[in-house]
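# Summary of structural features
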Protein chains: 2
Amino acid sequence: MSTILTGAKQIVTCRGPNRARRGAEMAELDVVDDGSVVIGDTGRVEAIGEYSELRARHPAAAVHEVSGVLLPGFIDCHTHAVFGSARLADHERRARGISYKEIAAAGGGILASVGDVRRRSVSELADLTRARLSALVANGTTTVEVKSGYGLELEAELAQLEAIKVLSENGGPDLVPTFLGAHEVPPEARHDPDGYVSLVVEQMLPAVERQGVARFCDVFCEPGVFTIEQSRTVLEAARRHGLGLKLHADEIDYSGGAELATALGAVSADHLAAVSEAGISALAGSSTVAVLLPGTMLFLGSRDQAPARRLVDAGVAIALATDFNPGSSPGLSLPLMATLGVSQMGLIPAETIVAITVNAAAAVGEASTRGQIAPGFRADLTLIAARDWRELPYWYGVNLVTEVWIGGVACHPREWPVNCLG
Amino acid sequence: MSTILTGAKQIVTCRGPNRARRGAEMAELDVVDDGSVVIGDTGRVEAIGEYSELRARHPAAAVHEVSGVLLPGFIDCHTHAVFGSARLADHERRARGISYKEIAAAGGGILASVGDVRRRSVSELADLTRARLSALVANGTTTVEVKSGYGLELEAELAQLEAIKVLSENGGPDLVPTFLGAHEVPPEARHDPDGYVSLVVEQMLPAVERQGVARFCDVFCEPGVFTIEQSRTVLEAARRHGLGLKLHADEIDYSGGAELATALGAVSADHLAAVSEAGISALAGSSTVAVLLPGTMLFLGSRDQAPARRLVDAGVAIALATDFNPGSSPGLSLPLMATLGVSQMGLIPAETIVAITVNAAAAVGEASTRGQIAPGFRADLTLIAARDWRELPYWYGVNLVTEVWIGGVACHPREWPVNCLG
């Protein structure tokens, strides 16, 4: 049965072409005052308009009264949500000024998460992740990109991707799985990084394709992790295996990641705190979305945010995401990322809304299915207790979300138990 | 009837002397594993210990099973929670790089809130504030200091304080009212700031005392707002009228505010981003609590946080608060302030817990009644969905609070409607 949602003070539609907004387009939201939305029994939006007119055209539809502002469901286009335990000790060590190298030597850092994930079963990983996905939905997120990358060996990488698959089959947010076998060189391959790259290319990628458990492949391209050449090798192989491409690019030090991502036609280049002018130009001339992660820099206490303002002014399409992970960003709120987009990056409020909806959809290759409230799009909607959409990035650190629809199915975050996150 | 709360994985008691913790003491939390708490019918904590022992001593008590970590209810010791509308346009203007002066000239800034408050009735102000207090409690806050200061004329200042009084009589968090008539020079007194100070001293303070509507007096001591001499004049008069003292000190530029606050025996000196070495020494040698407001600097996009690490290392007692207000900090979450304490200020997690409990209690003159889970203290408690208290500042931007007790009365944040904040 169809449903008419009515009573919303504003509907932020983000309607427009089925592609990312770039440059000045990012400030255009298309806000409908006092409108209604028809959700069809297909789980898609059928129409937006005045209640009386929609009612006449859909006489059999159920009517659901809402209060507040409706937005496209938020899309978290960069997370590492499948992990084992929190890394609480690392948090305190970093606060005490202990360096990343010393933390790693003390058994912390990313390899702590790798050891942890390798010891867990698919169902354990799925259970841990389920609570985190609940918290994401409670904060308005309806689609979540989730990366592997804490396995760094065939079986454990597949276990992470299998956990994502299990979670995809049980309702909840729509998940976009990304294979990130080249997240770090595992301890057993420290002496031979090229050998590990060969393992990723020759063993892991064929298995990932065979099992059909990933839509994208990502690589952590960074001096000291994977070089431009190694990254290219992995991504070109991934393309042959039918995967879309993403890239952790120019996060801490410049290495030309943005240029590589655009040259390979990646859907996104992520992080970019150290992007070059040439990288900005390359992004502006491409359809690659720049995915910026302001929570990570905040949580790490770094002052180097990606140059969001310069990117937008150069005509680049940018998205914002949480980077949710146990080391550098245990954060789950896209509205907070919007606040940080304004306060830490110089974006204006409208740009931050586009960055967590339509542009985030493009960053997971879904610009034609979600990120807008428009006929034919998935009925992924987020309702906030507000009179004006500008309240979303304004009231910070507080959850304004009162209701969420995922593929047309209503979820009431208030009724969900708040669970331990791990 | 008494109640035994049992099942908590940890109880963070913060037990110790009835005064602020300073320097190295700030890292000591006193955590009890798998313990129980008895809440007496007086609304006070009666005992903490092992369930079987407490049960034997309190055979008639009701038993309430909880899951997670219990902490002292959080205390927000610096807010401007009584205001009219949100200042959404200012947020966008600041993002566009428009200066504070230009924003003020365009009708924004603090004087926009002053005009707004002057046009509203006590009951309108109370209604607007009620939704905000709900959101504070939902995020674990059980005591809130609330300042006037958007009236800047006798009647409107009293209306704000009356609104706080109305809200105090209807359950909810415990409120600590502060008179901040000297928040800014109102437009009609621009030509004669000393004349306005006289008005505050001769008209407002006597009326505030007569009506019994404030416990503290605060002044915005800052170059270009109120001078050291003007601030001293107001605070000395306030003391004669029986009010405790607080001071907005050295927020943006140094003027010796910390030194003045300690010389006058103020309970707190607040902001302190521009505190001097002499100010730090003065604070270390006094019982004045340094109240730091990291959310404000975050929201304003400033890189200048108060030197929290140096303050603690010098032996100062610090508290963290939201500074909740419609201009520079529309933020309501003390757990997020704890996260910022770690990531932006170099505090360790334990210090941030003390800073929003026992030290925040001292900053509102209540170190002997709240801020600890200890016999005789108010049963103000916050339960979070976690296994380890260190998760509170770690999972950021997400609300872990599942239950709150205020004076022994249970509130379930999940069951509260999320309301428009204004």
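Quick caveat, the model's predicted, so the values are computed rather than measured. (Residues numbered from 1 in each chain as written. Chains lettered and ligands numbered in written order. Predicted model: local features only at pLDDT ≥ 70, side-chain atom pairs only at ≥ 80, totals over all residues. Heavy atoms only, no water.)

## Looking at the relation of the copies chain A and chain B
The condition is simple: Superposition of the copies was done by least squares, using only C-alpha atoms of residues whose pLDDT is at least 70 in both. What makes two residues a contact is simply this: any of their non-hydrogen atoms within 4.5 Å.
Of the transformation placing chain A onto chain B, the axial shift is 0.0 Å and the rotation is 180°, giving an RMSD of 0.0 Å. The symmetry that links the two subunits is that of a two-fold axis. Taken together, the interface assignments show that 100% of the residues at the interface of chain A recur at the interface of chain B, consistent with an identical surface on both copies.

## Side note on helix H6 (residues 154-168) of chain B
Residues and elements named next belong to chain B. We count it as follows: Helix numbering and strand numbering both begin at the N terminus, where a helix is a DSSP run of H or I of at least 4 residues and a strand a DSSP run of E of at least 2. Helix span, as expected, comes to 1.5 Å for every residue beyond the first. To sort residues, take the accessible area from a 1.4 Å probe on protein chains only and compare it with the maximum for the residue type: under 20% means buried, over 50% means exposed, and anything in between is partly exposed.
An ideal rise of 1.5 Å per residue puts 21 Å on 15 residues; H6 measures up with 21 Å between its terminal C-alpha atoms. All buried positions along H6 are accounted for by Ala 156, Glu 157, Leu 158, Ala 159, Gln 160, Leu 161, Ala 163, Ile 164 and Leu 167. Where the residues of H6 are buried, they touch helix H4 (110-118), helix H5 (122-138), strand S7 (141-147), strand S8 (174-182) and helix H7 (193-211).

## Examining the pairing of strand S11 (residues 268-271) of chain B
Residues and elements named next belong to chain B. To keep things clear, this is the line we draw: At least two bridges found by DSSP between two strands are what make those strands a pair. Orient the strands so they point away from the viewer, and a crossover whose first-strand-to-second-strand path over the helix runs clockwise is right-handed.
Note that strand S10 (residues 244-249) and S11 share four bridges and pair parallel. Within S11, the position partnered with His 248 by the bridge is Asp 270. Taking the sense of rotation as the criterion, the β-α-β connection linking S10, helix H9 (residues 257-263) and S11 turns out right-handed.

## Quick notes on H7(B)
Residue and element names in this part refer to chain B. Using the following cut-off: Fitting one axis to the seven residues ending at a residue and another to the seven starting there, the bend at that residue is the angle between the two axes.
The first and last C-alpha atoms of H7 sit 25 Å apart over 19 residues, in line with the 27 Å expected at 1.5 Å per residue. If you look at H7, its biggest bend is around 35°, right at Met 204, and the proline Pro 206 turns up within four residues after that. Restricting attention to buried positions, one finds in H7 the residues Tyr 196, Val 197, Val 200, Val 201, Met 204, Leu 205, Pro 206, Ala 207 and Val 208. If you follow the buried residues of H7, they end up packed against H6, S8, strand S9 (216-221) and helix H8 (228-240). Where H7 ends, the next residue or the one after it, Gly 212, has phi of about 60°, a positive value.

## Topic: empty space enclosed by the protein
Selection rule: Definitions used for this entry: grid spacing 1 Å over protein atoms alone; cavity, a set of points where a 1.4 Å probe fits but cannot get out; pocket, an open set with protein on both sides within 12 Å along at least 5 of 7 lines; lining residue, one with an atom within 4 Å of a point. Grid points are joined across faces, edges and corners, and a volume is the space filled by probe spheres set on the points.
Enumeration over the complete set of coordinates arrives at five cavities of 30 Å³ or more. If you add up the space inside the second largest cavity, you get close to 130 Å³. Taken together, 22 residues make up the lining of the second largest cavity; nearest its centre are A:Gly397, A:Val398, B:Gly397, B:Val398 and B:Asn399. Where the lining of the second largest cavity is concerned, the elements lending two or more residues are helix H13 (334-345) of chain A together with helix H13 (334-345) of chain B.

## Notes on the packing of H7(B) against H8(B)
All names here are of chain B. For clarity, the threshold we go by: For helices, the axis comes from a line fit to the C-alpha atoms of the stretch in contact; other axes are also lines fit to C-alpha atoms, and the angle between any two N-to-C directions lies between 0 and 180 degrees. Note on terminology: angles under 35 degrees are roughly parallel, angles over 145 are roughly antiparallel, angles of 65 to 115 are roughly perpendicular, and the others are oblique. Here the term charged refers only to Asp, Glu, Lys and Arg, the term nonpolar to Ala, Val, Leu, Ile, Met, Phe, Trp, Tyr, Cys and Pro, and the term polar to all other amino acids, Gly among them.
Following both chains from N to C, one finds H7 and H8 inclined at 5°, their axes separated by 10 Å at the closest point. Compared by their axis directions, H7 and H8 come out roughly parallel. The segment H7 lies against H8, with Pro 193, Asp 194, Val 197, Val 200, Val 201 and Leu 205 engaging Gln 230, Thr 233, Val 234, Ala 237 and Ala 238. Residues that form the contact of H7 with H8 fall into these classes: eight nonpolar, two polar and one charged.

## Observations concerning the interface of chain A and chain B
Selection criterion: By buried area we mean the combined loss of accessible area, with a 1.4 Å probe, across both parts when two parts are placed together. When a carboxyl oxygen of Asp or Glu lies within 4 Å of a side-chain nitrogen of Lys or Arg, that pair is called a salt bridge. Identification of polar contacts relies on pairs of N or O atoms within 3.5 Å, with a donor-acceptor requirement for protein atoms, meaning one able to donate a hydrogen and the other able to accept it, and with residues adjacent in sequence counted only if both atoms are side-chain atoms.
At the interface, 61 residues of chain A touch 61 residues of chain B. Between chain A and chain B the total buried area reaches about 5000 Å² when both faces are included, carbon and sulfur atoms providing 68% of it. Of all residues in chain A, A:Tyr394, A:Trp395 and A:Tyr396 give up the largest surface area on contact with chain B, accounting jointly for 17% of the area buried on that side. Inspection of the chain A/chain B interface yields zero salt bridges. Here chain A is connected to chain B by 15 residue pairs in polar contact (both at pLDDT 80 or more). Only helix H2 (88-95), helix H11 (294-300), H13, helix H16 (391-394) and strand S15 (401-406) of chain A provide two or more residues apiece to the side of chain A that touches chain B.

## Looking at the nonpolar core
Short version of the rule: Only buried residues count toward a nonpolar core, which is a set of Ala, Val, Leu, Ile, Met, Phe, Trp, Tyr and Cys residues joined through side-chain atoms within 4.5 Å.
A:Leu272, A:Leu292, A:Ile318, B:Leu272, B:Leu292 and B:Ile318 are the most contacted members of the largest nonpolar core, which totals 218 residues. If we ignore the near neighbours within four places in the chain, the residues touching A:Leu272 are A:Ala249, A:Asp250, A:Glu251, A:Ala258, A:Leu283, A:Ala290, A:Leu292, A:Ala306 and A:Pro307.

## A word on the sheet that holds S8(B)
Residue and element names in this part refer to chain B. The eight strands are arranged S6-S7-S8-S9-S10-S11-S12-S13 in an open sheet whose pairing can be described as parallel. Strands with a single pairing partner mark the edges of an open sheet, and in this sheet they are strand S6 (74-76) and strand S13 (318-320). When strand polarity is set aside, the average angle formed by the axes of neighbouring strands in this sheet is 25°. Two strands pair when backbone bridges link them, and S8 and S9 are joined in this way by three bridges, in the parallel orientation. Following the sheet pairing, Phe 179 is matched in S9 by Cys 217. Lying on the sheet, H7 is in contact with S8 and S9; it crosses S8 at an angle near 150°.

## A word on the domain arrangement of chain A
Residue and element names in this part refer to chain A. Applicable threshold: Residue ranges for the domains trace back to a domain assignment, done automatically or taken from a database.
Per the domain assignment, the segments of chain A are domain 1 (3-73 + 372-410) and domain 2 (74-362). Relative to domain 2, the C-alpha centre of domain 1 lies at a distance of 29 Å. If you look at the interface, domain 1 gives 29 residues, while domain 2 gives 39 residues. Taken together, both faces of the contact between domain 1 and domain 2 bury some 2500 Å²; the carbon and sulfur share is 70%.

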